[in-house]
Amino acid sequence: MTLPEADALTPRLLTCDVLYTGLGGGQSPGGVVVVGETVAATGHPDELRLQYPHAREERAGEVIAPPPVNAHTHLDMSAYEFRALPYFQWIPEVVIRGRHLRGAAAAQAGADTLTRLGAGGAGDIVWSPDVMDALLAREDLQGTLYFEVLGPFPEQADEVFAGARHHLERWRRLERPGLRLGVSPHTPFTVSHRLMRLLSDYALGEGLPLQIHVAEHPSEPELFCTGAGPLWENRMPALYPPAFAQVIGREPHAELTPVRYLDELGVLAARPTLIHMVNVTQDDIARVARAGCAVVTCPRSNRHLECGTFDWPAFAAAGVEVALGTDSVASGESLDVREEVAFARQLYPQLDPRVIVRAAVKGGHRVVGGRVPFLRRGESWQASHVWPSAGQPPFAGS
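Attention here is on the structure that accompanies the text. Nothing here was measured: the structure is a model prediction, and the numbers come from that model. (Residues numbered from 1 in each chain as written. Predicted model: local features only at pLDDT ≥ 70, side-chain atom pairs only at ≥ 80, totals over all residues. Heavy atoms only, no water.)

Digging into unusual backbone geometry
This is how the line gets drawn: Here a strand is any run of E in DSSP of at least two residues, a helix any run of H or I of at least four, and the numbering for each starts at the N terminus. Residue exposure (1.4 Å probe, protein chains only): buried if accessible area is under 20% of the type maximum, exposed if over 50%, otherwise partly exposed.
Backbone torsion omega between Ser-28 and Pro-29 reads -5°, so that peptide bond is classified as cis. Positive phi values are uncommon outside glycine, yet His-276 reaches one of about 85°. Within the fold, His-276 resides in strand β10 (residues 273–276). Relative accessible area serves as the criterion here: at 0%, His-276 is assigned to the buried category. The phi dihedral of Glu-306 falls on the positive side, at around 60°, and the residue is not glycine.

Here it is, written out as structure tokens:
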């Protein structure tokens, strides 16, 4: 055996602050023993030092784990510039003013970015058919593409649903292993009660995953409580019924919340993934837990739009599966979930960092339907298993 060959087989002990192997709850601190290009062992660094006393030890970085999943984004907004503004200022000044930037080209660029980042998968909200056609054709994209549907007029629900179903049935023939189709009724206040039920019942019957934006801004619970407030005042009246009660098919009242509305409408029975869930009550959290729904939080977007802070500890205590997403680059700043993890670790100092890393990997895969890869004895080792810290280059070790 030549010297280079012998050196290549010398065990290396790579240490980190947080190790998540895809199994259990993680290790902190953690370590991985690598021989050649194969994982030989994982665990606490002290135990690995005893088992492999001749291993060459290296500090790899803060986190060693499989690639994280971006469980909620809008790739067709990838040509937008990032701007941090209050929610009701951001919508007209960024979303509406930049709507000419949306489309297939932007979505393709966003998907290219996810590939470059080595994302473990994505849950993308798709606004238009041409974007769906473009993304379904990509072989390097993993996860779920959710076709977004809006329609606040109950009397138009059947027509809107028929159009959405026509598209969905065509696209289902283009699904492949690793990339599946889903549905996203936009929000409880932009989709009428009838259309919401049609979409959720259809998704449940067809086995299609659902994502719904819920309780992102404080004005949303206010709308369900009073039927008025900033969210209703800032709408475009020509695109909505005269009264909010017509949208939801009932009168708002003091104890009604967006989550309770979806639950009583029967939508939570389809186990949709609920996005944001920032402005909720303890009863809302209990309803979500009973229904078995997962939640995706986008901490940077929520902070940049001044929407509030997701109560992660309360959801974790209730046993709700949590995943992480970046939202669009217009509000989330980037598509890199590792940056979302770093921000979340600062935002939630009381949370065990292993909980946050696990959410980015296992929580994300559970939301978008992926298979969680494992870091265990006999598996191939990749340098991408070491997550680069903010502002740092990727780990160079092979």
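And the narrative resumes.
A few points about helix α12 (residues 282–291)
For clarity, the cut-off: Working note: the arc is built from the helix axis to C-beta atom directions. Residues are treated as being in contact if the distance between any of their heavy atoms lies within 4.5 Å.
Where α12 is concerned, the buried positions are Asp-284, Ile-285, Arg-287 and Val-288. Axial view of α12: buried residues confined to an arc of 160°, hence all on one face. Of the exposed residues in α12, the ones pointing more than 90 degrees away from its buried face are Gln-282 and Arg-290. Along its buried surface, α12 packs onto α11 (258–265), β10, β11 (295–297) and α14 (312–317). Positive phi shows up at Gly-292, right after α12, with a value of about 80°.

Some details on helix α8 (residues 219–226)
Ser-219, Glu-220, Pro-221, Leu-223 and Phe-224 are the residues of α8 that are buried. Where the residues of α8 are buried, they touch α3 (87–96), β9 (211–214), α9 (230–233), α10 (244–248) and α11. A positive backbone phi angle near 80° is found at Gly-227, which sits one or two residues after α8.

A look at the environment of His-276
C-alpha of His-276 to C-alpha of Phe-310: the two residues are 34 residues apart in sequence and 7.2 Å apart in space. Not counting chain neighbours up to four residues away, the residues in contact with His-276 comprise His-72, His-213, Val-214, Glu-216, Val-296, Cys-298, Asn-302, Phe-310 and Asp-327.

Description of the pattern of salt bridges
As a reminder, the rule being used: What counts as a salt bridge is simple: a side-chain nitrogen of Lys or Arg found within 4 Å of a carboxyl oxygen of Asp or Glu.
Tallied over the full model, the rule gives 28 salt bridges. Glu-206 serves as the salt-bridge partner of Arg-172, at 3.4 Å between the closest nitrogen and oxygen. Here Arg-172 is found in helix α6 (residues 157–172), whereas its partner Glu-206 is found in helix α7 (residues 193–206), with 34 residues between them in sequence. Given the relative accessible area of 26%, Arg-172 is considered partly exposed.

Describing the sheet that holds β9
Condition: At least two bridges found by DSSP between two strands are what make those strands a pair. An axis is simply a line fitted to the C-alpha atoms; with a helix, the fit covers only the stretch in contact. Between two such axes, the angle follows the N-to-C directions and lies from 0 to 180 degrees.
The strand order across the open sheet built from four strands is β9-β10-β11-β12, with neighbouring strands paired in parallel fashion. Only two strands of the sheet have a single partner each, and these edge strands are β9 and β12 (322–324). The mean angle between the axes of side-by-side strands here comes to 30°, regardless of whether they run parallel or antiparallel. Pairing of β9 with β10 involves four bridges; the strand directions are parallel. Bridging across to β10, His-213 finds its partner in Ile-275.

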